[in-house]
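Structure at a glance
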Amino acid sequence: MATSGKTNETGKGSGSVRDRIVESLMRLAARRAFEDIAISDIAQDADVSLADFRDSFPSKGAVLAAFSRKIDRQVLEDFSGRYASEPAKERLYEVLLRRLEALEPYRNALESVSQWASTDPLAAAALNRETVNSMRFMLEAADIDSEGALGALKLQGLAIAWWRVLGTWFDDRDVDLCRTKAALDRELSRSEAVIERIEDVSRLTSPLRGLARAVFRGVTGRRRHRHHARDRDDEFEEDYEEARRRHHHAEDHPHGEGHHHGEDHRRHSDDATA
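Residues numbered from 1 in each chain as written. Predicted model: local features only at pLDDT ≥ 70, side-chain atom pairs only at ≥ 80, totals over all residues. Heavy atoms only, no water.

**A word on the overall build of the protein chain**
Stated formally: Strands are runs of DSSP state E lasting at least 2 residues, helices are runs of H or I lasting at least 4, and numbering of each runs from the N terminus. Only protein chains enter the calculation, and the probe is 1.4 Å; a residue is then buried if its accessible area is under 20% of its type maximum, exposed if over 50%, and partly exposed in between. In what follows, residue pairs with any heavy atoms lying within 4.5 Å of each other are defined as contacts. Accessibility throughout is a Shrake-Rupley quantity obtained with a 1.4 Å probe, and a residue counts as covered only by protein chains that appear here.
Broken down by element type, the protein chain carries 9 helices and 0 strands. Each helix (α) and strand (β) of the protein chain, taken in turn from the N terminus, gives the series α-α-α-α-α-α-α-α-α. Within the protein chain, the fraction of its 274 residues that count as buried is 32%. For the protein chain, the share of sequence-separated contacts (at least 6 apart) that also reach a separation of at least 24 residues comes to 65%. Accessible surface for the protein chain amounts to roughly 17,200 Å². Of this, 53% is attributable to carbon and sulfur atoms.

**Focus: a negative patch on the surface**
Rule in force here: In this scheme, patches are assembled from residues that exceed 30% relative accessible area and form no salt bridge. Like charges are connected within 9 Å, while nonpolar side chains (Val, Leu, Ile, Met, Phe, Trp, Tyr) are connected within 5 Å. Between Lys or Arg on one side and Asp or Glu on the other, a salt bridge is scored when a side-chain nitrogen of the former is within 4 Å of a carboxyl oxygen of the latter. In this charge count, Lys and Arg are treated as positive and Asp and Glu as negative; neither His nor the chain ends contribute. Charge positions are represented by NZ for Lys, CZ for Arg, CG for Asp and CD for Glu.
Together, E86, E90, E192 and E196 make up a region of like negative charge exposed at the surface. Relative to the elements of secondary structure, E196 occurs in helix α9 (residues 178–273). Classification of E196 as partly exposed rests on a relative accessible area of 43%.

**Some details on unusual backbone geometry**
In this model, D143 sits at a positive phi of 60°, which is unusual for a non-glycine residue. The exposure class of D143 is exposed, given its relative accessible area of 62%. If you check the backbone angles, L177 has positive phi at about 55° while not being a glycine.

**What to know about the pattern of salt bridges**
It is possible for side chains bearing opposite charge to pair when their charged atoms get close. Inspection of every chain in the model, using the stated rule, returns 11 salt bridges. The residue D45 makes a salt bridge to R27 at a minimum N-O spacing of 2.7 Å. One end of the pair, D45, is in helix α2 (residues 39–46); the other, R27, is in helix α1 (residues 17–29), with 18 residues separating them in the sequence.

**Brief notes about the packing of aromatic side chains**
Centre distance and the angle of the planes are the two values used to describe a pair of aromatic rings. Heads up, the rule is: Only Phe, Tyr and Trp rings take part, Trp by its six-membered ring, and two of them pair if their centres are within 6.5 Å. Stacked means planes under 30 degrees apart, edge-to-face means over 60, and tilted covers everything else. Over a ring means this: the NZ of a Lys or the CZ of an Arg is within 6 Å of the ring centre and within 35 degrees of the ring normal.
By the definition in use, this model includes 4 aromatic pairs. Taking 4.6 Å as the distance between ring centres and 40° as the angle between the ring planes, the aromatic pair formed by F34 and W116 counts as tilted. Placement of the pair is F34 in the loop between α1 and α2 and W116 in helix α6 (residues 107–119), with a sequence separation of 82 residues. A single burial state applies to F34 and to W116, both of which are buried. Geometrically, the ring pair formed by F67 and Y106 is edge-to-face, given 4.8 Å between the ring centres and 70° between the ring planes. On the criterion of sequence distance, the pair formed by F67 in helix α4 (residues 60–79) and Y106 in the loop between α5 (88–103) and α6 is long-range, its members being 39 residues apart. Owing to a relative accessible area of 3%, F67 belongs among the buried residues under this scheme. With a relative accessible area of 14%, Y106 lands in the buried category. Taking NZ or CZ as reference, K60 lies 4.6 Å from the ring centre of F34, over its face.

**Examining α4**
Here is the rule: Working rule for helices: expected span equals 1.5 Å times residues minus one. Counting of polar contacts relies on pairs of N or O atoms within 3.5 Å, with two restrictions inside protein: one atom must be capable of donating a hydrogen and the other of accepting it, and residues adjacent in sequence are counted only when both atoms are side-chain atoms.
Under the 1.5 Å per step criterion, the end-to-end length of α4 is 29 Å for 20 residues, consistent within 8% with the ideal 28 Å. For α4, the secondary structure elements touched by its buried residues are α1, α2, α3 (50–56), α5, α6 and α7 (121–141). The opening residue of α4 is S59, an N-cap whose side-chain oxygen sits 3.4 Å from the backbone nitrogen of G61.

**Thoughts on α5**
Between its terminal C-alpha atoms α5 stretches 23 Å, which fits the 22 Å expected from 16 residues at 1.5 Å a residue. Extensive coverage of α5 is indicated by the burial of 12 of its 16 residues. Here α5 has its buried residues at K89, R91, L92, Y93, V95, L96, L97, R98, R99, L100, A102 and L103.

**Some remarks on the environment of F137**
Checked against the element boundaries, F137 lands in helix α7. As for F137 and V95, which are separated by 42 residues in sequence, their C-alpha atoms are 9.9 Å apart.

Don't take any of this as a statement about function, it's just geometry.
Structure, rendered in structure tokens:
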């Protein structure tokens, strides 16, 4: 392993331990298949011990997530307040174009990551979650709402569109990225049309959803009413049975006492006569 503190043309040994690990992973991913990179390889390239790696990250996937957050931060810092007067689609276009610029030094590494995810469903699911999280902040940077059920659809649709754009970007070696820009514009136009249709359906079905909620509350209320009515009927039955038992007991018990008192009275009379 290299001596601690060593630096060279790749920047190895500079920055925080976490930053060095992130940069080492992406550097190695640009050279070899992502699935072939071991944690020990990353630690050695970053000039950190396995103990330091473990303190910083629990897995290789966590390092990849840290890289995504690093790019998010770079885009958000650079984009803050720009293009506020532009339409929503144009704002988002500029945000994602800035993201591509930030990713340019890592193009080969990301292509390796993409190939890895295409053959591993679990990796693809994890990568999708991280992309959705990043797209949430890209929408926020473009001042586009991402909350609620419709927001969730926007996020997932944008994540899919983003990876389609990256597929074009991997092969686009033109300095002006003409093909990539065209793909980005096309995907955003397609996503915008889908969202508009969803919003139209949402507006049309909103009264029906309100009616459904009202009906459900009414049914629930009737069920509660029937339940309480059954409880009252059960209580009435119990009270009735208790009253009936007391009535029978009252009829039987006084008769028995009177019978005994009559015998005692006759006994006392006989004694007195004697």
